[in-house]
Amino acid sequence: KGFLGESFYTASNPPYGATFTYFLKEKYKTAKEKRQDAEKAAAKKNEMGAYATLPYPTRDQLREEAEAEAPSLWFLVSDAEGNLVRQLPATNNSGINRVTWNLRYPPTSLPAENANADDNPFDGGPNGTHAMPGKYSVKLVKKVDGKYADLGTPQSFNLYVFGADKMAAQDRATLYAFQRRVAKLDRAISGAVSLSTELRTRVRAVRRALRETPANTSALLDRADDLDKRLGAELRALRGDTASISRQEVPFPPSLSGRINNIIGDQFTSTSLPTATHQNDYTIAAEGFAQELTKVKALAEAVQSLEREAEKLGAPWTPGRVPEWQDQ
């Protein structure tokens, strides 16, 4: 349907996973909604001839209403040992509501905000590793006025993964432990890539600002050029040579993130033990990233030092810098 439009009829599949159903007699309202309901009730009484007025809210009350966190509901999923596995946002609507857990741990990176599923109908977004088969429990909690409270009692359910019954318990535990190790490394590598990209953006912004600074900035510009090159080399080590990849030039060595992504792709629905290739890829990626993480931390400190020097010279403000000011 993503390519044939309305000429090809489709309907959504039932959500995959464990579906939790709950009923709310009334939604939990914000202070603003409560005030507006009281105002409507007072106005209705006046229409009937009765005298009823409400004072106009003060400026502080209006500000508190604007800044207050809206009431929210959450499903907390725990394993048989009581360890929290997943926190799922639930809708705060009156009536019958449903939330489905996809039987996975949280993803190692945050999904894009306001993502449009029509952009790529085959993109399922980031996903975590499968939870182990076994007994789980779930409870519904609310957060109102900054305080958490349970709603109802926890409910138990059994998680079954098709094909897991053909594996020995020890093999399932080995697969689970390997996938969790891969997820931890994926989170760290993805974070290092994002941080390095952000640092490079900040360096280039500082370089622009230094060219607009009424002072001799040649030495700082040289430092900025050097940091830009070093960050480019770091990104190539972490995520690969994007210039060569975009031109489909082969062969090129796999990057650290590429090795981990290959494992995650192969293991996404796997109930088999990790292969020797997966284990070798993990070992190479883990050893390589231990070295690259040290470089990323050093680069972060170097960028902050460059920003401090630019601040001393009064360079135009750039993102990531804390401005300094003293009345003279």
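Residues numbered from 1 in each chain as written. Predicted model: local features only at pLDDT ≥ 70, side-chain atom pairs only at ≥ 80, totals over all residues. Heavy atoms only, no water.

K.L.:
Mind showing me how you'd approach the packing of helix α3 (residues 169-211) against helix α6 (residues 256-267) here?
P.N.:
The angle between the axes and the distance between the axes are what describe a pair of packed helices. Interaxial distance between α3 and α6 falls to 10 Å at its minimum, and their mutual angle equals 145°. In terms of crossing hand, the pair formed by α3 and α6 is left-handed. Contacts between α3 and α6 involve Leu175, Phe178, Gln179, Val182, Leu185, Asp186 and Ile189 from the former and Leu256, Ser257, Ile260, Asn261, Ile263, Ile264 and Gln267 from the latter. Considering only residue class, the contact of α3 with α6 consists of nine nonpolar, four polar and one charged. (Axes fitted to C-alpha atoms, helices over the stretch in contact; angles between N-to-C directions. Helix = DSSP H or I, 4+ residues; strand = E, 2+ residues; numbered from the N terminus. Left-handed = near helix turned anticlockwise from the far one by under 90°. Contact = heavy atoms within 4.5 Å. Nonpolar A, V, L, I, M, F, W, Y, C, P; charged D, E, K, R; others polar.)

K.L.:
Can you help me understand the nonpolar core in this one?
P.N.:
In a soluble, globular protein the nonpolar side chains are often hidden away together inside. Counting 22 residues, the largest nonpolar core has Phe20, Tyr22, Phe75, Val77, Trp101, Tyr136 and Phe157 as the members making the most contacts within it. Secondary structure elements with two or more residues in this core: β1 (18-24), β2 (72-79), β3 (84-90), β4 (95-101), β5 (134-144) and β6 (147-159). A per-element tally of this core places β1 first, with four residues. Judged by nonpolar contacts, the second largest core, of 17 residues, contains Leu199, Val206, Val303 and Ala310. (Core = buried A, V, L, I, M, F, W, Y, C linked by side-chain atoms within 4.5 Å. Buried < 20%, exposed > 50% of the residue type's maximum accessible area, 1.4 Å probe, protein only.)

K.L.:
When you look at the pattern of salt bridges in this model, what are you seeing that I'm missing?
P.N.:
If charged atoms from side chains of opposite charge come close, those side chains can pair. Applying the stated criterion across every chain yields a total of 18 salt bridges. Residue Lys143 pairs with Glu69 through a salt bridge whose shortest N-O separation is 3.2 Å. With Lys143 in strand β5 and Glu69 in the loop between α2 (59-67) and β2, this pair connects stretches of sequence that are 74 residues apart. The residue Lys139 makes a salt bridge to Asp150 at a minimum N-O spacing of 3.7 Å. (Salt bridge = Lys/Arg side-chain N within 4 Å of Asp/Glu carboxyl O.)

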